[in-house]
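Take a look at the letters that make up each chain.
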Amino acid sequence: MDKQEIKKRIAKLKKEIDRHRYLYHVLDKIEISDAALDSLKNELFKLEMDNPEFITPDSPTQRIGGKPLDKFIKVIHSRPMMSLFDSFSPEDMKDWEDRIAKLVPGRTFDYYCELKLDGLAVTLKYEKGVFREGATRGDGKIGEDVTQNLKTIESIPLRLREPEEGEFKKIGLDIGQIKQIKTALEKGEIEIRGETVMTRRVFDELNKKYKKEGKPLLANPRNGAAGSIRQLDPKLSAERKLSFYVYALATDFGFKSHEQEHKAAEILGFKVLKENKYCKNLSEVYKFHDYWEKNREKMPFECDGVVVVVNNLKLWPVLGIVGKGPRYMMAYKFAALEATTKIKEVVWQVGRTGILTPTAVMEPARVGGVTITHATLHNMDEIKRLGVKIGDTVIIQRAGDVIPKVVKVLPNLRSGEEREIRVPKKCPMCESEVVKVPGEVAYRCPNTNCYAVNLRRLTHWASKNAVDIEGLGPKIIEQLVKEGLVRDISDFYTLTIGDLGPLERFAEKSADNLVKAISDRKKIDLNRFIYGLGIRHVGEESAIELAKRFGSLEKIKKASPEEIGGIYDFGNVMAKSIFGWFNDKHNLELLEKLEKNGVRTKTLAGGGKKQVLAGKTFVLTGTLVGLTREEAKVKIRELGGDVSSSVSKNTDFIVAGAEPGSKYEKGEKLGVKIIDEKEFLKMI
Ligand code: IVH
């Protein structure tokens, strides 16, 4: 994008993000998920980082916190309810630890890890042990009084529990501290903070009920919890059966650790997540995070990360606060299950019964911790329902182990360059006329051989005597075709671990292995490459002969039928077939795609031209007379040499044509051997 386009994109993103903010925070309406909105904010943030001249004070990236609704009485928090800083990788976490370590030199840290519940934060005040006032976070300084609604939550005690003899002592509190808590229970105030959440089960049941009653559905469990708490009628909030989990005992009783603080809250009658865990260092934190990232579905409610807290409370005042949150806590987020990306093109896949299925090929996007490039579009009805076009910015979703799908289009981000998605008139495989299946949405290729022929073509390319890609057998290939991930051989080279992950039989490890095996075979012996193309009449032996005679793909492409037929043993029919293949528009496009996807051919070792320039690096400068620069490069490479665009001490020869450039002088300085065109021609 040039500067003008970047500026336009930034303006569009700002407007769209702000629209969703208003809908969500002010009107309590939701159109897209948090993950999708985060993804847009992320794009904006990156564009602004790279182009700081376009940052304006009204950009959503400059905002901290939201503003409370007017319908409740406002409550000024005794101490601010802050936010957390986010981390997305072990590297981020290590950076954080390094940063805080600088503030307390010579100290090591241990941590208390809590699952980050996706609900609504509230603070509860108990006077003389009795629940007096509960408030939402609001903008962090002023919240809303939602006491009546919080009272409907059974896990919030209306009176704090009287500790039994010795309970506080057991968790390491001394006599002074115990007395302090008891006094607060009798005549003082105790403040507790935590998260109200709705379980997925309650969420599903409520939505079922609402659907039957024709009421609007809840967007997600978090919205269910938030909506319930900020509901003017406590009866309605009661039917939503929320839970409350503590994450802080805000009143200071001189606790030693955050873990101890949780234990004290538990004694006072609150629910503390039993999954929370003490971790003695960052590697234990990583294990905890990775386990719960994979197993978050096991929790009855939604979690979006791990809150990692410096456990030693003595360090908190030293580490302090910066901006919106404390330095001693970090939200180590789980990978989002939704993201935004752009659709680059739509490819049509022919299935076993000839039905054509559209797949979106997208700019790589990270979803659920992996990068994906493909998403299914199902059929023309789905395309119409989504209103999706090529070039659109879309929200993609990858839930659990299913193929990623496009769930929404963001039409406000259109540039005007988008194109309609149309069913191809001819089958993309065999060029038969595509027909519409009567009475159905589907279109199909009437050629009954089409699917099988394509599978055979793909399998042949990966087979032992051709390109030899380990682990890419017929069954896997069929799966890839069915899911719309692979249509021709060039598509193998765009597959990502994330694309393969959701397929049956693919554990993370085997997806990793296959992507690696394919990438390892990007440099292919020319003869294997030719054989792999599956040209009629060209077997392994003739592929070797072709490779030997011509030495490069470029030369084969240019060869005349006579030149090809001139190879010993090559008949007329064969020569025609080869010539025909390399002069077919579709085949040339395929070769181009292979090249674009990083596939390269190697000259046959021991065969072809003698590798007289093996190990030598050439730099070309000035104008050559007898041949073009491109031709010179091809020659050098055919003979085993390398061509570089810049001079260094590793350069063996500079070929200087007429009016050489600065490379000539640099070469002279470095003492590189400089030859003229005549000498060069002799060499080749
Ligand atoms: S500690 C200084 N602990 O995350 C911030 N927050 O992004 C104090 N949350 O508003 C919050 N689980 O709604 C903390 N175990 C946990 C949490 C948690 C969920 C939410 C909370 C807070 C938001 C901050």
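Residues numbered from 1 in each chain as written. Predicted model: local features only at pLDDT ≥ 70, side-chain atom pairs only at ≥ 80, totals over all residues. Heavy atoms only, no water.

A.B. asks: Help me out: how do you make sense of the site of the ligand in this one?
C.D. replies: Near the ligand lie 14 residues; those nearest to it are E114, K116, L117, A121 and E195. A distance of 2.8 Å separates a nitrogen atom of the ligand from a polar atom in the side chain of E114. At 3.2 Å from a nitrogen atom of the ligand is found a main-chain nitrogen or oxygen belonging to L117. The fraction of the free accessible surface of the ligand (520 Å²) that becomes covered by protein chains is 86%. Counting residues per element, the shell around the ligand draws most heavily on strand 3 (residues 111–117), at 4 residues. Taken together, the residues of the shell around the ligand break down into 9 nonpolar, 1 polar and 4 charged. (Near = heavy atom within 4 Å. Polar contact = N/O pair within 3.5 Å; in protein donor to acceptor, adjacent residues only side chain to side chain. Areas by Shrake-Rupley, 256 points an atom, 1.4 Å probe, with all protein chains shown as cover. Helix = DSSP H or I, 4+ residues; strand = E, 2+ residues; numbered from the N terminus. Nonpolar A, V, L, I, M, F, W, Y, C, P; charged D, E, K, R; others polar.)

A.B. asks: For this particular structure, what's the right way to read the side chain of H258?
C.D. replies: Tracing the chain through its elements places H258 in helix 10 (residues 258–267). Among the residues examined, H258 registers a relative accessible area of 0% and is labelled buried. If we skip the residues at most four places from it in the chain, H258 touches Y112, E114, Y247, V309, N311, L313, W316 and M329. (Buried < 20%, exposed > 50% of the residue type's maximum accessible area, 1.4 Å probe, protein only. Contact = heavy atoms within 4.5 Å.)

A.B. asks: Looking at this model, I keep getting lost on the packing of aromatic side chains. Mind explaining?
C.D. replies: The geometry of two aromatic rings is summed up by the distance between their centres and the angle between their planes. Tallied over the entire structure, the rule returns 14 aromatic pairs. Residues F253 and F255 carry aromatic rings whose centres are separated by 6.1 Å and whose planes lie at 75 degrees to one another, so their mutual orientation is edge-to-face. Accessibility expressed as a relative area gives 4% for F253, which makes it buried. The exposure class of F255 is buried, given its relative accessible area of 8%. Between Y286 and Y332 the ring centres are 6.5 Å apart and the planes differ by 80 degrees, which places this aromatic pair in the edge-to-face class. Placement of the pair is Y286 in helix 11 (residues 282–295) and Y332 in strand 13 (residues 329–333), with a sequence separation of 46 residues. Judged on exposure class, the residue Y286 and its partner Y332 are both buried. Pairwise contacts between aromatic rings join Y126, F131, F244 and F270 into one cluster. Between the NZ or CZ atom of K436 and the centre of the ring of Y443, over which it lies, the distance is 5.4 Å. One Lys or Arg, R549, reaches over the ring of F550 and ends 4.7 Å from the middle of that ring. (Phe/Tyr/Trp six-rings, centres within 6.5 Å; stacked < 30°, edge-to-face > 60°. Lys NZ or Arg CZ within 6 Å of the ring centre and 35° of its normal.)

A.B. asks: Explain the pattern of salt bridges to me, please; I cannot follow it from the model alone.
C.D. replies: Applying the stated rule across the entire model yields 35 salt bridges. The salt bridge partner of E275 is K274, with a shortest N-O separation of 3.3 Å. With a relative accessible area of 18%, E275 lands in the buried category. Assessed through its relative accessible area of 73%, K274 is described here as exposed. Linking D520 and K516 is a salt bridge whose minimum nitrogen-to-oxygen distance equals 3.4 Å. (Salt bridge = Lys/Arg side-chain N within 4 Å of Asp/Glu carboxyl O.)

A.B. asks: Would you mind showing me how to read unusual backbone geometry here?
C.D. replies: Peptide bonds are trans in most cases, and residues, glycine excluded, mostly fall at negative phi. We note that H378 has phi near 65 degrees; this positive angle belongs to a residue other than glycine. Positionally, H378 belongs in the loop between strand 16 (370–376) and helix 13 (380–386). The phi dihedral of H537 falls on the positive side, at around 75 degrees, and the residue is not glycine. In this structure, H537 sits in the loop between helix 18 (526–532) and helix 19 (540–550). Here H537 falls in the partly exposed class, since its relative accessible area comes to 43%.

A.B. asks: Where do I start with the environment of K522 in this structure?
C.D. replies: In this fold, K522 is placed in the loop between helix 17 (508–520) and strand 21 (523–525). In this structure K522 comes out as partly exposed when scored by relative accessible area, which is 25%. Sequence separation of K522 and Y664 is 142 residues, and the distance between their C-alpha atoms is 35 Å. Ignoring anything within four residues of it in the chain, the contact list for K522 reads Y493, N597, G598, V599 and R600.

A.B. asks: Just to check I follow, could you spell out the sheet that holds strand 2 (residues 86–87) for this structure?
C.D. replies: Where strands meet in a sheet, backbone hydrogen bonds hold them as pairs that are either parallel or antiparallel. A sheet is described by the order of its strands in space; here 5 strands give the open sequence 2-13-10-3-9, paired in mixed fashion. Single-partner strands in this sheet number two, and they are strand 2 and strand 9 (277–279). Alignment of strand 10 (residues 303–310) against strand 13, held across 5 bridges, turns out to be antiparallel. The residue of strand 13 that forms the bridge with G305 is K333. Most of the contacts of helix 3 (residues 90–103) go to strand 13, to which it runs at about 170 degrees, and overall it touches strand 2, strand 3, strand 10 and strand 13. (Pairing = 2+ DSSP bridges. Axes fitted to C-alpha atoms, helices over the stretch in contact; angles between N-to-C directions.)

A.B. asks: Can you walk me through the pairing of strand 26 (residues 673–676) in this structure?
C.D. replies: Working note: regular strand, side chains alternate between the two faces of the sheet. With 4 bridges connecting them, strand 25 (residues 653–656) and strand 26 associate as parallel partners. Among the inter-strand pairings, A656 is bridged to a residue of strand 26, identified as D676. Of the crossover connections in this fold, the one passing from strand 25 over helix 25 (residues 662–670) to the parallel strand 26 is right-handed. (Right-handed = clockwise from strand over helix to strand, strands pointing away.)

A.B. asks: Just to check I follow, could you spell out the nonpolar core for this structure?
C.D. replies: Soluble globular proteins: nonpolar side chains tend toward being buried together. One finds L124 and V310 to be the most contacted residues of the largest nonpolar core, which totals 77 residues. With 6 residues, the top contributor of residues to this core is strand 10. Among residues more than four places away in sequence, those in contact with V310 are W96, I100, F109, D110, Y111, L315, W316, L319 and Y328. Counting residues in each nonpolar core, the second largest holds 53 residues, with A517, V538, I567 and L594 among its members. (Core = buried A, V, L, I, M, F, W, Y, C linked by side-chain atoms within 4.5 Å.)

A.B. asks: In this structure, what is going on with the environment of L115? I would like to understand it.
C.D. replies: Along the chain, L115 turns up in strand 3. Taking relative accessible area as the criterion, L115 reaches 5% and is therefore assigned buried. Spatially, the C-alpha atom of L115 lies 27 Å from that of F45, the residues being 70 residues apart in sequence.

A.B. asks: I'm lost on the sheet that holds strand 25 in this one. Help?
C.D. replies: Strand order in the open sheet formed by 4 strands is 24-23-25-26, with parallel pairing between adjacent strands. A strand with exactly one partner marks an edge of an open sheet, and here the two such strands are strand 24 (642–644) and strand 26. With strand direction ignored, the average angle separating the axes of adjacent strands in the sheet is 35 degrees. Across 4 bridges, the pairing between strand 23 (residues 617–621) and strand 25 is parallel. Bridge pairing in strand 25 links V619 to I654.

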